[in-house]
Each structure stands twice: as C-alpha cells, then as structure tokens.
Amino acid sequence: MSEYYLLRHRSVASIDHLDVYTADGGFEGYRKAVTSMQPIEVLNEVKSSGLRGRGGAGFPTGFKWSFIPNTIWPHYVVANADESEPGTFKDREILESNPFQFLEGLMLAAYAVQANTAYVYLRGEFWQVAKQLDQKIAELEKTGLLGDAIMGTDYSLHIYTHLGAGAYICGEETALLESIEGNLGQPRLRPPFPAVVGLYSKPTVINNVETLANVPLIIRNGAGWYRQFGTDKSPGLKVFSLSGRVNKPGNYELPLGATFRQLIYDYGGGIIEGKQIKAIMSAGASSVIVPADDKALDCPMDYESTQQLLGAPLGSASVIILDETVNMGWLVGKTTHFFKHESCGKCTPCREGTYWMDHIAHRLVSGQGTAEDIGLLKNVAVQIQGKCLCPLGEFSTMAVVSAIDKFRSDFETLVTHQ
Ligand SMILES: Cc1cc2nc3c(=O)[nH]c(=O)nc-3n(C[C@H](O)[C@H](O)[C@H](O)COP(=O)(O)O)c2cc1C
Ligand code: SF4
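Keep in mind the model is a prediction, meaning the values are calculated, not measured.

*Asks:* I'm lost on the packing of aromatic side chains in this one. Help?
*Replies:* Each aromatic ring pair is summarised here by two numbers: the centre-to-centre distance and the angle between the ring planes. Applying the stated criterion to the full structure yields 17 aromatic pairs. Seen from their ring centres, F27 and Y30 are 6.3 Å apart, and the 70 degrees between their planes marks the pair as edge-to-face. The class for F27 is buried, based on a relative accessible area of 0%. With relative accessibility at 0%, the residue Y30 sits in the buried group. Ring centres 5.1 Å apart and planes at 75 degrees place the aromatic pair F338 and F339 in the edge-to-face group. Since its relative accessible area comes to 18%, F338 is described here as buried. The exposure class of F339 is buried, given its relative accessible area of 1%. The rings of Y21, F27, Y30 and F100 are connected pair by pair, giving a single aromatic cluster.

Next up, the structure:
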C-alpha cells in the first residue's frame, strides 16, 4: 500500500511525537467527539463502519460497546495488549511506533461507553512499551486531552498501564481481568459476560490494540469512508503478521479480503530459496494447518472466507508459512509443547490433555514413537474438543488434528525413520 493508516508511522515520520500526530490530523476525531457528539453517536458511527475485533474472534466492535448497560456504574474500558499468540507481532508495532492513534482509539471507546477509567493490559515482556506509553499518557494529561474536565467539558478520563507476567492465557479477556484485579490469571465462567460483569464486577469493554487503532480513522473520516476498504461483511484494513518460510516476513497492512497469494508472493517475496510452499497456518499456533493448494492461496483473508472455504479461522491474522522442508509432525511437537506450557490448569481436559498430547508428540519427534501413537495422539486431541472452559483447550487441538488428517505421511516418516 502506498498510504498506511494503521501502520501510519511508515507514511509519516515521527508520528509517535504528539506534535507530529496532531499536525497530521491526530485527535481531530476525539476533539470532535467530546465537544460536539453524544456518546451514542460515536458508538453508532463505529457500529455503521462494521469494524470487527482484531484480537481473534472478529466480533463487531460497535455491538460489543452497545451491550454496556446504562443502569450499572462505573464503566471500564480495557485495551488488550497481551499479544501472546505465536506469530502475532502487529500490536507491538502499533504501540511502539503509532502510539497516539491507539491511545486516541482507546479514548474514543471510553467516551462512547462513558468510562472514566481505562486500562492498557500489556504482556510482561512489553515493559519498555509500557514505559513509553506512560510518557505519552502524561503528555496527553498536560495538554488537557486526558484528565479531568477534558476540553472544558464535564467528561473526565484517566488511563493506566498494567503489566502481566507473560502468560498466554492472560490474553483471554476474563483471565486478563482476573490478572488486573491481582488474582491468578485463569478464565472466568461465562455468562455473565464482561460487558455486564467485568472488571471489579462492573460493565467493561475489552478491545484489542489494533481494533482501537481503527477507531480514530472511523470517527474522523466517517463510517462510509472506512467501508471503502475490505469486504461487505469484513470491512476495513488489517495488519497481517507474516512469518515462517517466506523471504520477507513482517507486518503488512492490507484491506481485509486480500488473498493469501498476494500476501505471500506480492508482499512476502515468496518462499525461501524458491522452495515449494506446503501449508499455511492462518491464525498462529492456534490454527488448523491448511494444505497450500490453489484454493487456499486464492482464498480471501477475511472473517468469513477463510472459515467457509478452508475451515480455518482468520483469528488475529498471524499467517505462518510452511514449505516442503517442514515435517508437520515436528511442527505439531512445537505447538503441543507451547500449549502444555500455557494451559492454566483450571480444567482437566485441557490440563491433562495438553500434557498427554505433548508427551506423545515428543515420543514421535524423538524417534521413539510407534504407528499406533499417531492415532493415539489424534484420539487425545479429539477427546479434549468441546470439553474445555475456555478456547485455549480447543486451540491446542487444531494443529494436531488437521496435521494428522492432511499430512499423516509426515508422522509415518517419523516412525519409519527411527
Ligand atoms: C487463549 C486466548 C488468548 C488470547 N490472546 C489475546 C491477545 O493476546 N490479544 C487480544 O487482543 N486478544 C486475545 N484473545 C481474545 C480476547 O479474549 C478478546 O476476545 C479480545 O481481546 C477482544 O477484543 P476485540 O473484540 O477487539 O478483538 C485471546 C483469547 C484466548 C481464548
Ligand atoms: S481450557 Fe485450558 S487454559 Fe482454558 S481454563 Fe481450561 S485449563 Fe485453563
């Protein structure tokens, strides 16, 4: 793309400086909203834009905000900056290089639901990012855009950063809330949903960093402008994190609906050493493994198409490319190791199942496995499905089941080449 909107620092140098961001139209949307729009108007504009959550589930953002009841107070907004899915590294780039656009989005979300307190929850490893954000927040307080009586109105907003301790599960929104409250980071039972019983048992909106970075664009330019990008059901722009066996891994900002082929070959420079592409994971380690045939390569990357055409959710669009040099049994060994380590242990199928999947996968990868182990591994994965408290348990089985179904011979190779 010649002009960047989410990765705006690639178009405008030093956009992480408040004066540069402001000169480039930054905070225009926020000023307009707080001084001349009702909160419900802001909410409706975001609803009309069709913006969907970029944290993984693709839930419509405006609808999520509309679930906040006006009968229970106070309201909270939490930005999810946990970014712990292997293969996802888009939020970090936004936070580090285009922080004011993210903060403006968070401020607009808070205004829309009339929250006076917002939190940014960052994974523990992002402590430097948190420090930088604290400085930006202090700058905004000095200018009067944050704090009490903002721009002479009776609206006040305070933003705080909060560091986690590096647990993948704390990206799950209810575990995240537990973590902010100082409890063990384990998911809560739902319902009730955070929109009604959230942080400190009060109505809470939780949105991903990239989701929020879209909001200033919508309020400043209007929902109609925003809908020029993307597809009818998945409007807007998306940052795709491309990694694996490609020549140019990195973040690419494209309209939703661009194809895997465009991402991998036009932007990612194709496969390393001209090797044959073998498979695609569309949503990081939580993905199903999809054989990279023409159907997959020409599939539009939006929330409907990948699911309907490939049976693979787009998730946070962390696209990992595997080529002919990768044995899928080896790859599965990596994902089972990750999920065994990250299972929070609250429910038995996930706690025990991730342990056993990793145990069997390790046996296969280390050349100690038997042909029966392949079926056993799949059987354990299938037994986990549909029985867990939160999606992590389900995620842990995706690569296992799809790899054994589509690339069984890779596992057989591990057995026969002992
Ligand atoms: C195990 C697990 C990990 C997650 N990790 C993240 C994460 O790192 N960042 C994120 O924004 N959402 C993550 N999510 C999704 C959040 O629960 C939540 O849906 C999201 O923050 C909502 O924001 P959105 O509507 O803007 O996408 C995770 C979900 C699960 C089940
Ligand atoms: S599915 Fe796994 S991560 Fe989720 S609550 Fe159960 S044990 Fe914890």
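Having put the structure on the table, let's press on.
*Asks:* Please clarify how the sheet that holds strand β4 (residues 204-208) should be interpreted in this entry.
*Replies:* Hydrogen bonds between backbone groups are what pair the strands of a sheet, and the pairing can be parallel or antiparallel. Strand order in the open sheet made by the 4 strands is β3-β2-β1-β4, with parallel pairing throughout. With partners counted over all chains shown, the strands left at the sheet margins are β3 (158-163) and β4, one partner each. Along the sheet, successive strands turn relative to each other by an average axial angle of 20 degrees, direction set aside. Across the sheet, helix α7 (residues 127-143) is in contact with β2 (117-122) and β3; its angle to β3 comes to roughly 170 degrees.

*Asks:* How should I be thinking about the sheet that holds strand β8 (residues 289-291) in this particular structure?
*Replies:* Within the open sheet, the 5 strands sit side by side as β6-β5-β9-β7-β8. Their pairing is mixed. The outermost strands of the open sheet, each flanked by one partner alone, are β6 (250-255) and β8. Here the average twist between neighbouring strands, direction ignored, is 30 degrees. Direction of pairing for strand β7 (residues 277-281) relative to β8: antiparallel, over a ladder of 3 bridges. The residue bridging M281 from the neighbouring strand is I289, located in β8. Against the sheet, helix α17 (residues 391-406) engages β7 and β8, with an angle of about 25 degrees to β8.

Parameters and conventions
Residues numbered from 1 in each chain as written. Chains lettered and ligands numbered in written order. Predicted model: local features only at pLDDT ≥ 70, side-chain atom pairs only at ≥ 80, totals over all residues. Heavy atoms only, no water. Phe/Tyr/Trp six-rings, centres within 6.5 Å; stacked < 30°, edge-to-face > 60°. Buried < 20%, exposed > 50% of the residue type's maximum accessible area, 1.4 Å probe, protein only. Pairing = 2+ DSSP bridges. Helix = DSSP H or I, 4+ residues; strand = E, 2+ residues; numbered from the N terminus. Axes fitted to C-alpha atoms, helices over the stretch in contact; angles between N-to-C directions. Contact = heavy atoms within 4.5 Å.

All we've got here are geometric facts, nothing functional implied.
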